[in-house]
Amino acid sequence: MNGLYTVVFRVGAENRSMIMVINNGTLKGGNTEYYYNGTCTLDGEDITGSIVAKHYAGRTDQAFGNAKEIPLEVKGRISGNTITGEARQVQLSMVMPFSGEKRG
C-alpha cells in the first residue's frame, strides 16, 4: 500500500487533483497551492488518517474560507492500485470524495 498516488477529489462541483505518498504511516502530498502532511493507519485495505493542508503559493482556496491551514480527516480503501474514499473538513462540515491510482 506504500507508494505514490495521483488523486482526484471533488470540492463542491469542481474536480481537483493532487499527488499523495503513503509511506509507513505517513501521508504526504500536494498540488499547486497547498502541500499536505499527516499520518495514516492501514488496516487491511482500509485507511484512516489526519492531514493538514498548508498554503505555500498562489491563491488561497475560497471553498475553505481562504484558510492558510486546512485540517482534514481521511477515510478510504485501497484495493489493488486504486484508492477511494472521502476527506472531511470538520470545521466547515465539508466532505470531499476522492479516488486515485498508484503510480509507483
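Refer to the structure above for everything that follows.
Residues numbered from 1 in each chain as written. Predicted model: local features only at pLDDT ≥ 70, side-chain atom pairs only at ≥ 80, totals over all residues. Heavy atoms only, no water.

Q: Just to check I follow, could you spell out the sheet that holds strand β3 (residues 26–30) for this structure?
A: Strand pairs in the sheet, formed through backbone hydrogen bonds, run parallel or antiparallel to each other. Strand order in the closed barrel formed by 8 strands is β1-β2-β3-β4-β5-β6-β7-β8, with antiparallel pairing between adjacent strands. When the angles between neighbouring strand axes are averaged without regard to direction, this sheet yields 30°. Alignment of β3 against strand β4 (residues 34–43), held across 5 bridges, turns out to be antiparallel. Bridge pairing links Leu-27 to Gly-38 in β4. (Pairing = 2+ DSSP bridges. Helix = DSSP H or I, 4+ residues; strand = E, 2+ residues; numbered from the N terminus. Axes fitted to C-alpha atoms, helices over the stretch in contact; angles between N-to-C directions.)

Q: Would you take a moment to explain the environment of Leu-92 for this structure?
A: By secondary structure assignment, the location of Leu-92 is in the loop between β7 (82–89) and β8 (94–102). By relative accessible area, Leu-92 is classed as partly exposed at 44%. Along the chain, Leu-92 and Gly-65 lie 27 residues apart, while their C-alpha atoms are 9.1 Å from each other. Once you skip the residues sitting within four places of it in the chain, Leu-92 turns out to touch Ala-63 and Phe-64. (Buried < 20%, exposed > 50% of the residue type's maximum accessible area, 1.4 Å probe, protein only. Contact = heavy atoms within 4.5 Å.)

Q: Where do I start with the pattern of salt bridges in this structure?
A: Pairing is possible between side chains of opposite charge, provided their charged atoms come close. All chains considered together, the criterion is met by 6 salt bridges. The partner of Arg-16 in a salt bridge is Glu-14, with the nearest N and O atoms 2.9 Å apart. Looking at Glu-14, the relative accessible area reads 39%, which means it is partly exposed. Salt-bridge contacts for Arg-88 lead to Glu-86; the nearest nitrogen and oxygen are separated by 3.1 Å. Note on Glu-86: relative accessible area 30%, which makes it partly exposed. Beyond isolated ion pairs, a larger network of salt bridges with shared partners links Glu-14, Arg-16 and Asp-61. (Salt bridge = Lys/Arg side-chain N within 4 Å of Asp/Glu carboxyl O.)

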